[in-house]
Every structure is written in C-alpha cells, then in structure tokens.
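Each chain, letter by letter, is given below.
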Amino acid sequence: MALADLQPVARNDAGSAAVVGILKQRFGERFQTGHAIRGQHAHTTTYIPSQLPDGVVFPHSTEEVQEIVRVCGEHRVPVIPFGTGTSLEGHVNAPGGGICIDMMQMNKVLAVHAEDLDCTIEPGVTREELNTYLRDTGLFFPIDPGANASLGGMASTRASGTNAVRYGTMRENVLSLTAVMADGRAITTAKRARKSSAGYDLTRLLVGSEGTLGVITGLTLKLYGIPQAISGGVCPFPSVDAACNAVITTIQMGVPVARIELVNALCMRALNGYAKLDYPETPCLFLEFHGTDAGVREQAETFGEIAAEFGGGSFQWTNVAEERTKLWKARHEAYWAGLSLKPGATSLSTDVCVPISRLAECINETEEDIARSGLIAPIVGHVGDGNFHVLVLMDRDDPKQIELTEAFVARLNMRAIAMDGTCTGEHGVGQGKIAFLPHELGAGVDFMRSIKQALDPDNIMNPGKVLPLRA
C-alpha cells in the first residue's frame, strides 16, 4: 500500500453542515463535534494519516441508527461505523468527512439460548464482555483476534485470530445479522436455525463488508461448551521449514489442535526481552489443545512425537491455567514486544494468508526480503490456517523508510497472491489493501462494485474503503 493509493472521497460541506445541525438537535450530548473526540474516532494503528469525521453520534437502538442513516442519506453525507477502533487498515477513517456512528453504547446481551448454543447481542458488546457474561452458563465464544474488539466490528472485518484453526472465523460463527442499509431500512438476514437454503446468503454478504453496505446493529452468534480440560505449551524448532512441516503433519493427522501459532526467531527475541522470558530464540510454535483430560494429554503427546520428527526441541506442555495464561499473554503481547526492537518507531502491521503447503516458502521468502531491505520486521502467524502477520518498524518522518516499507508490503501481498493466497487473511481491506484486490480477484471486483451500487447508490456507506476506483 502506498499513501498515493488512498481513494479520494469528495466532501459535501453543505450537506454535512445540515446533518450536524439536525443530529445535534436530535441527540444532544450524544452527538459530539469536538476535535479531540473526532480525532479519537479516526485514529489508525498504522501510519495511514487520520481523516476526521464531522461529528460522532452514540445511538442506543436500531431505530436511532435508522434515523441517523436516513438523515445522512437525504443529504448525501458519509456514514462511518465505529466499534472499538482496533482495526488496522484505516477502516474508521473519514476521507470525505461525514458522521461516525459509535456503536459502543449498544452493548447489551439480548438473549442466550444455552440449549441451542447461540446468543443474540448488540454490536457494541466486546468479546471479553460476552465471555464474562457467559461464564456461568458453561459456554464461551471462541473467536480471539487479540484485541478486545467489539463483536460488531469483528463481524464487519470478518475477524478470526488464534482459535480459528479449530473454531473458524466470524464468517462461520455469525448465524444472523440485523443491519441498517443505506436507504435507512433495517433487515435481519436469517433466523436462528443452524442451516438454511432460503434465498441469497445476506449474512455472509454483510460479514466482512467493512461497513460499506450497511451498519450492523445486532448479531446472533454460535457458542461452544467450555472444554473440560485445556493444555498448552511452546516448542522450539531449528527452522521455519521444520516448524511449518510439523504444523502440516499435525493438521493432516487430524489432531484437533485449538491454537497453533508460529513466532519467528526475531519475534522470540523481542518477547524474551519485553516479557522477561527465557524461551529459545529460534522459530517456536505456541499450541493449545481443548477436550477431556485424557484427550488433551493424548493430543499433546502426539504433537510432541510429530515435533521430534522435524527436529523440534522438547515440547513442554501444561494444563495449569496460570501457566497457560502466562504463555498466551506473551503471544498476545507480540505487538508491543515487536515495538521494543526499535524504540520510538512507528509500526505497520500487515497480514497475508496462503495454503499451508506454501506457508514455509512464503515466510522464508519474506524473511529474506526483510533482510535485503534492511528492515526490522518480526513475524507471527496463525499457521494452522496459513495466516501470518508482519510488524514493520519504521520512522514515519523518514521518506526513504516509508518508501522501503510500502515497497516491501506490496511485494509481500503479491507474493501471497501468486501462491494462490490472499493479501489479507483477517485484517480486512479498508484503505490499506485496496490496490491489491484487483490482482487477487480480477473481474470479481466489478461484481462487488455492482452490489455496492445496487445497495448504496449514493456511496454514503463508509466510502473510500475496500473497492478501488474504476480504471
């Protein structure tokens, strides 16, 4: 991604002024136009410049979201949905100004159907809040992208994370959505049945649409029983190839691993320094197994045997909750640990995903590319499904480093696409990956534009994201 690739969106200052006046009168203190709060709702966790909305509104219901969207639609003013703001590709920026709809006060758990293993919630509920609420039911929601993101935002970006190898992504775990569309109508995409052959799959259309088709105001999610036993551990390997081959064999043998994460040697060095750990500073796999006491023991022992075949070191695993928490806390702190490798640096976090048979090749080529470019960029990966992340550290005030970083990210994306992979496994397209979508999907992008045009003819729903301008 280059900053030059950011899609321009024409401002409608007269329309925005009218909408600001209407919403201020309607919502009072729940509508804010101060510079600080607008800045907080346009922040990005990468180096893409912030682009502020003209106002931020805090609705309490689907009906209020409908009001907001109808007012914006009447005046052709952009609508930008906002959850916790943890997205990584400029999703919450407002390149043409407009109104940011902050969903975080819509944070109720509406119903839990324990016997059906599902629940219905408002979009501002975060994954940690949901699991705290569910704790006494014996159920949990497994999708864990690392950040304590809102579940509406996670659905919007089709998030996944460390548990995806066993439990899937948001795509597989959203049964139904309620969404306010560009014309102000609210739709519910499905009932609670676990399967349906009725009509087009609107749920899957909206999951991953990044706010460009509608504003999610409710979700029905699959739940799972909390495992009787959980074990986890760390295993060092002599090389990325050896670690990836162990992953492939583990998956092919049907070992029901819940998490299997690769941390490369540079990232292990960062973790050791940041979290005061003493793991080997070689490529390591972090693993977790869910099941019965006997089952997780068997799974861990089987993996230990597989690891030994590929030169892995001793696989030290534990079912003690406190020790597992320490292990995964270290993995989840990889971002902050990575930043410690270059104090004061700006980071660009990017991800790609390839078939697992090409994973070692892709990571090896990427590490070689990093070395040739003179960059500092640790790697972690959800390797059970071929997804890995690169955290590029740079000085945002140095144009040469910006240029080097952008060129590296472009090569990484094209490398993954050439291996029959994708330019983003879970971060989403947002602004940052727009340029690569045509390379990945070809003519499919034209059909995406047709859907966007049909559902949002005035292009008010999160414009400047996902779809590139026509050539």
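Preceding block: the structure.
Analysis parameters
- Residues numbered from 1 in each chain as written.
- Predicted model: local features only at pLDDT ≥ 70, side-chain atom pairs only at ≥ 80, totals over all residues.
- Heavy atoms only, no water.
- Pairing = 2+ DSSP bridges.
- Helix = DSSP H or I, 4+ residues; strand = E, 2+ residues; numbered from the N terminus.
- Axes fitted to C-alpha atoms, helices over the stretch in contact; angles between N-to-C directions.
- Contact = heavy atoms within 4.5 Å.
- Parallel < 35°, antiparallel > 145°, perpendicular 65-115°, else oblique.
- Left-handed = near helix turned anticlockwise from the far one by under 90°.
- Nonpolar A, V, L, I, M, F, W, Y, C, P; charged D, E, K, R; others polar.
- Expected span 1.5 Å × (residues − 1).
- Buried < 20%, exposed > 50% of the residue type's maximum accessible area, 1.4 Å probe, protein only.
- Core = buried A, V, L, I, M, F, W, Y, C linked by side-chain atoms within 4.5 Å.
- Phe/Tyr/Trp six-rings, centres within 6.5 Å; stacked < 30°, edge-to-face > 60°.
- Lys NZ or Arg CZ within 6 Å of the ring centre and 35° of its normal.

**Here we look at the sheet that holds strand 18 (residues 387–394)**
By definition, the strands of a sheet pair up through backbone hydrogen bonds, in either a parallel or an antiparallel sense. The seven strands are arranged 15-12-14-13-17-18-16 in an open sheet whose pairing can be described as antiparallel. The open sheet terminates on both sides in strands that have one partner only, identified here as strand 15 (316–318) and strand 16 (346–353). Pairs of neighbouring strands in the sheet enclose a mean axial angle of 15°, with direction left out of account. Pairing between strand 17 (residues 379–382) and strand 18: four bridges, direction antiparallel. Each bridged residue has a counterpart across the sheet, and for histidine 382 the counterpart in strand 18 is asparagine 387. Sitting on the sheet, helix 10 (residues 265–275) touches strand 13 (257–263), strand 14 (284–291) and strand 17, and the angle it makes with strand 13 is about 95°.

**Some points on the packing of helix 14 (residues 359–373) against helix 15 (residues 399–418)**
Put simply, helix 14 and helix 15 touch, their axes get as near as 11 Å, and they point 165° apart. Considering the angle they form, helix 14 stands roughly antiparallel to helix 15. For helix 14 against helix 15, the interelement crossing comes out right-handed. Here helix 14 contributes Cys362, Glu365, Thr366, Asp369, Ile370 and Ser373 to the contact with helix 15, which in turn contributes Leu404, Phe408, Arg411, Leu412 and Arg415. The class makeup of the residues in the contact of helix 14 with helix 15 is five nonpolar, two polar and four charged.

**Digging into helix 3 (residues 62–75)**
Helix length check: helix 3 (14 residues) gives 20 Å between terminal C-alpha atoms against 20 Å at 1.5 Å per residue, within 8%. Buried within helix 3 are the following residues: Thr62, Glu64, Val65, Gln66, Ile68, Val69, Val71 and Cys72. Two residues or fewer past helix 3, arginine 76 is found with a positive phi of approximately 55°.

**Some thoughts on the sheet that holds strand 10 (residues 214–222)**
A sheet is described by the order of its strands in space; here five strands give the open sequence 5-6-10-8-9, paired in antiparallel fashion. Pairing within the sheet leaves two strands with one partner each, and these edge strands are strand 5 (109–113) and strand 9 (186–188). Pairs of neighbouring strands in the sheet enclose a mean axial angle of 15°, with direction left out of account. Bridge count for strand 8 (residues 174–181) against strand 9 is three bridges, and the pairing is antiparallel. In the sheet register, valine 180 faces strand 9, and the bridge partner there is alanine 186. Of the strands in this sheet, strand 8, strand 9 and strand 10 are in contact with helix 3, which crosses strand 8 at around 40°.

**Comments concerning the packing of helix 1 (residues 13–27) against helix 3**
Viewed as axis vectors pointing N to C, helix 1 and helix 3 meet at an angle of 155°, and their least axial separation amounts to 9 Å. Classified by the interaxial angle, the pair formed by helix 1 and helix 3 is roughly antiparallel. Judged by the twist between their axes, the crossing of helix 1 over helix 3 is right-handed. In this structure, helix 1 contributes Gly15, Ala18, Val19, Ile22, Leu23, Arg26 and Phe27 to the contact, and helix 3 contributes Glu64, Glu67, Ile68, Val71, Cys72 and His75.

**Things to note about the nonpolar core**
Counting 45 residues, the largest nonpolar core has Phe237, Leu285, Phe289, Phe303, Phe388 and Val390 as the members making the most contacts within it. At six residues, the largest contribution of residues to this core is made by helix 9 (residues 240–252). Excluding residues that lie within four positions of it along the chain, phenylalanine 303 makes contacts with Cys235, Phe237, Thr250, Ile260, Leu285, Leu287, Phe289 and Phe315. Counting 26 residues, the second largest nonpolar core, distinct from the first, contains Val125, Ile143, Ala179 and Met181.

**So, the packing of aromatic side chains**
Inspection of the entire model under this criterion finds six aromatic pairs. Consider the rings of tyrosine 167 and tyrosine 224, whose centres lie 5.0 Å apart with planes at 75°: the pair is edge-to-face. One end of the pair, tyrosine 167, is in helix 6 (residues 164–167); the other, tyrosine 224, is in strand 11 (residues 224–225), and 57 residues separate them in sequence. Looking at tyrosine 167, the relative accessible area reads 9%, which means it is buried. Residues phenylalanine 303 and phenylalanine 315 carry aromatic rings whose centres are separated by 5.0 Å and whose planes lie at 75° to one another, so their mutual orientation is edge-to-face. Within this pair, whereas phenylalanine 303 is found in helix 11 (residues 293–309), its partner phenylalanine 315 is found in the loop between helix 11 and strand 15, the two being separated by 12 residues in sequence. With relative accessibility at 0%, the residue phenylalanine 303 sits in the buried group. By relative accessible area, phenylalanine 315 is classed as buried at 11%. These aromatic residues form a ring-pair network of at least three members: Phe140, Tyr167 and Tyr224. The lysine or arginine in question, arginine 26, covers the ring of phenylalanine 27, its NZ or CZ lying 4.5 Å from the ring centre.

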